[in-house]
Amino acid sequence: MPPAPTASERTLQLRRVALSGMLGTAVEFYDFLVYGTVAALVFGELFFPGADPAVGTIAAFGTFAAGYVARPIGGIVFGHFGDRLGRKNMLLLTMGLMGGASFLIGVLPTYDTAGVWAPVLLITLRVVQGIAIGGEWGGATLMVVEHAGERRRGLWSSFTQMGAPLGSLISASVVALVSTLPKDQFAAWGWRVPFLLSVLLLGVGLFVRLKVVESPLFAEVKKDRAESRLPILDVLRRPKPVLLACCVGIGAFTAQSLLTSYLIAYATGIGYTRPQVLTALTVSAAVALVVLPCASALSDRVGRRPVVLSGAILSAATAFPVLALVDSRSSGALILAVVIGHGISQSLMYGPLGALFSEMFGTRVRYTGASLGYQGATLVGAGFSPLIAGSLVASSGNGTPVALLLCGGSLITALTVWFVRETSRTSLGDEPTTELPTTPHHTEEITA
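The structure contained in this document is the topic of the report that follows. Here the structure is a predicted model, which means the values were calculated and not measured.

**Things to note about the overall build of the protein chain**
What the protein chain contains, in helices and strands, is 19 helices and 0 strands. For the protein chain, buried positions account for 59% of its 448 residues. Taking as baseline every contact in the protein chain between residues at least 6 positions apart, the subset at least 24 positions apart corresponds to 87%. When the accessible surface of the protein chain is split by element, carbon and sulfur atoms take 69% of a total near 16,600 Å².

Pasting the structure below:
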């Protein structure tokens, strides 16, 4: 048997896994969010020409939603093999799929060149993106959580959560840069640049990810031959944790989708320029990079539930003021609105989710269970929010439906949190935390 790793070796590996999770998730979210940004700007006219501008935007966000529909499929498929074969190999595969699909979108012919095949290929690649990211988050989060100590899981898991705003920051910056091109050049070739650049990020992400080792908790399960034969069936036999996880996450993903991807279409539609909107998203992402680790670390001290609940209440309470700031048509007010609604409120809801979802499932089915809960929340909260918002705004002529959707999603999270048991002091044993005894169990903590 190989010698047990020393404390310094475990700490080094934990840091490497945390960096891998953050970079890998950043690559995935960069690719995923670049699509949402470009869809709001030009995909309607390039892939659905001849339609009314509002209808074209709705159609573009329909393909956006297709990616979210595919995410639970990715969670099931990669969750199954991640629980059976290991976390690391699945993470390499998901990253490769995402990067490849994003690059291919960058070389797609438009409707003028390929006719109906253009939107068909776009939707197909969007589904591949959805499947890839559906398997990415669960594996990346579990690798960090299962390497971390019992009392600092929230803080360490925040590195994976930070991949989302980091990917958003990079994508908004790149799109903002190319959107300074004249409109005809942006529509002709500029929109392709962010997709093609994903190859560079993919190379960095794969290089880091190849250096991490398998989760020690999964290795222990594998050694004892205790892995589940069909993790999805084991999870669905006891569906309460999945349903609770899904509902808890709805508020965070509704806010994320409405205040990033859909905001671009809405704000430019009422008179903002593209650089103004992308600047607001960039500032918000930078704020989120600070708030996320703070919220996650706080959840280690006071619990996951209070932090998520505070974010949900803040989001619901500020939904209409945030919309009023956006409707003021002031660039400064727009930045403030996105920072409040996304950078702060959404980050408070989102930060603790990595640790919380991981703690709700046993090791044998954790990849599948956490992925299903997370991707179910993204499907309901984020997948259809832009589509519904676009349709309702087009029919009503005002932005009230946006605030109502934002408030409604946040209230669902706030109400569901009351039915979730506090998990911050439970052990990552092989049984779901809902079945663990009341007395918390602590194991050795790996210190940074």
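**A few points about helix 15 (residues 331-350)**
At valine 339, helix 15 shows its largest kink, close to 35 degrees. Extensive coverage of helix 15 is indicated by the burial of 14 of its 20 residues.

**Focus: a nonpolar patch on the surface**
Taken together, the side chains of Ile73, Ile76, Val77, Phe81 and Leu85 define a hydrophobic patch exposed on the protein surface, amounting to about 410 Å² of accessible area. Among the structural elements, valine 77 can be located in helix 2 (residues 53-85). By relative accessible area, which is 37% here, valine 77 ends up partly exposed.

**A few points about the packing of helix 13 (residues 274-302) against helix 15**
Put simply, helix 13 and helix 15 touch, their axes get as near as 8 Å, and they point 30 degrees apart. Of the possible angle classes, the one that applies to helix 13 and helix 15 is roughly parallel. Note that helix 13 runs across helix 15; the crossing there is right-handed. When helix 13 is examined against helix 15, the residues Gln276, Val277, Thr279, Ala280, Leu281, Val283, Ser284, Val287, Ala288, Val291, Leu292 and Ala295 are found in contact with a partner set consisting of Ser331, Leu334, Ile335, Val338, Val339, His342, Gly343, Ile344, Ser347, Leu348 and Tyr350.

**A short note on the packing of helix 14 (residues 304-327) against helix 15**
It is the contact of helix 14 with helix 15, at a shortest axis distance of 8 Å, that shows an interaxial angle of 165 degrees. As judged from the angle between their axes, helix 14 and helix 15 are roughly antiparallel. For helix 14 against helix 15, the interelement crossing comes out left-handed. Of the residues in helix 15, those in contact with Val307, Val308, Ser310, Gly311, Ala312, Leu314, Ser315, Thr318, Val322, Leu325 and Val326 of helix 14 are Ala333, Leu334, Leu336, Ala337, Ile340, Gly341, Ile344, Ser345, Leu348 and Met349. Among the residues making up the contact of helix 14 with helix 15, the classes are represented as 15 nonpolar, 6 polar and no charged.

**Focus: the nonpolar core**
Within the largest apolar cluster, 113 residues are counted, with the highest numbers of intra-cluster contacts made by Phe43, Phe47, Trp191, Tyr350, Leu353 and Phe357. For this core, the element with the most residues is helix 1 (residues 7-47), which contributes 18 residues. Leaving out residues up to four positions away in the same chain, tyrosine 350 has contacts with Phe29, Trp137, Gln161, Ala164, Ala252, Phe253, Leu292 and Tyr374.

**A look at the packing of aromatic side chains**
Going through the model one piece at a time under the given rule, you end up with 9 aromatic pairs. Their ring planes at 80 degrees and their centres at 6.1 Å tell us that phenylalanine 47 and tryptophan 191 sit as a pair that is edge-to-face. One end of the pair, phenylalanine 47, is in helix 1; the other, tryptophan 191, is in the loop between helix 7 (183-190) and helix 8 (192-209), with 144 residues separating them in the sequence. Here phenylalanine 47 matches tryptophan 191 in class, with each residue buried. Aromatic side chains tyrosine 350 and tyrosine 374 sit 6.5 Å apart centroid to centroid with 50 degrees between the ring planes, which places their arrangement in the tilted category. Note that tyrosine 350 is positioned in helix 15 and tyrosine 374 in helix 17 (residues 366-383), a separation of 24 residues in sequence. Taken individually, tyrosine 350 and tyrosine 374 each receive the classification buried, so the pair is uniform in this respect. Three or more aromatic residues link up through ring pairs in this structure, and these residues are Trp137, Phe253, Tyr350, Phe357 and Tyr374.

**Quick look at the environment of leucine 104**
When you line up the elements, leucine 104 lands in helix 3 (residues 87-106). Judged by its relative accessible area of 40%, leucine 104 falls in the partly exposed class. Taking the C-alpha atoms as reference points, leucine 104 and phenylalanine 195, separated by 91 residues in sequence, lie 8.0 Å from one another.

**Observations regarding the pattern of salt bridges**
Between side chains of opposite charge, pairing is possible as soon as their charged atoms come close. Across all of its chains, the model carries 9 salt bridges by this definition. When the shortest N-O distance is used, the salt bridge between aspartate 83 and arginine 87 registers 3.0 Å. Judged by relative accessible area, which is 0%, arginine 87 ranks as buried. As a salt-bridge pair, arginine 209 and glutamate 136 come within 2.8 Å of each other at their nearest N and O atoms. Of this pair, arginine 209 sits in helix 8 while glutamate 136 sits in helix 5 (residues 117-147), and the two are 73 residues apart along the sequence. Neither residue differs from the other here; arginine 209 and glutamate 136 are each classed as buried.

**Observations regarding unusual backbone geometry**
At arginine 329, a residue that is not glycine, the phi angle is positive and equals roughly 65 degrees. Along the polypeptide, arginine 329 turns up in the loop between helix 14 and helix 15.

About the criteria used
- Residues numbered from 1 in each chain as written.
- Predicted model: local features only at pLDDT ≥ 70, side-chain atom pairs only at ≥ 80, totals over all residues.
- Heavy atoms only, no water.
- Helix = DSSP H or I, 4+ residues; strand = E, 2+ residues; numbered from the N terminus.
- Buried < 20%, exposed > 50% of the residue type's maximum accessible area, 1.4 Å probe, protein only.
- Contact = heavy atoms within 4.5 Å.
- Areas by Shrake-Rupley, 256 points an atom, 1.4 Å probe, with all protein chains shown as cover.
- Bend = angle between axes of the 7 residues up to and from the residue.
- Patch = residues over 30% accessible without salt bridge, like charges linked within 9 Å, V, L, I, M, F, W, Y side chains within 5 Å.
- Salt bridge = Lys/Arg side-chain N within 4 Å of Asp/Glu carboxyl O.
- Axes fitted to C-alpha atoms, helices over the stretch in contact; angles between N-to-C directions.
- Parallel < 35°, antiparallel > 145°, perpendicular 65-115°, else oblique.
- Left-handed = near helix turned anticlockwise from the far one by under 90°.
- Nonpolar A, V, L, I, M, F, W, Y, C, P; charged D, E, K, R; others polar.
- Core = buried A, V, L, I, M, F, W, Y, C linked by side-chain atoms within 4.5 Å.
- Phe/Tyr/Trp six-rings, centres within 6.5 Å; stacked < 30°, edge-to-face > 60°.

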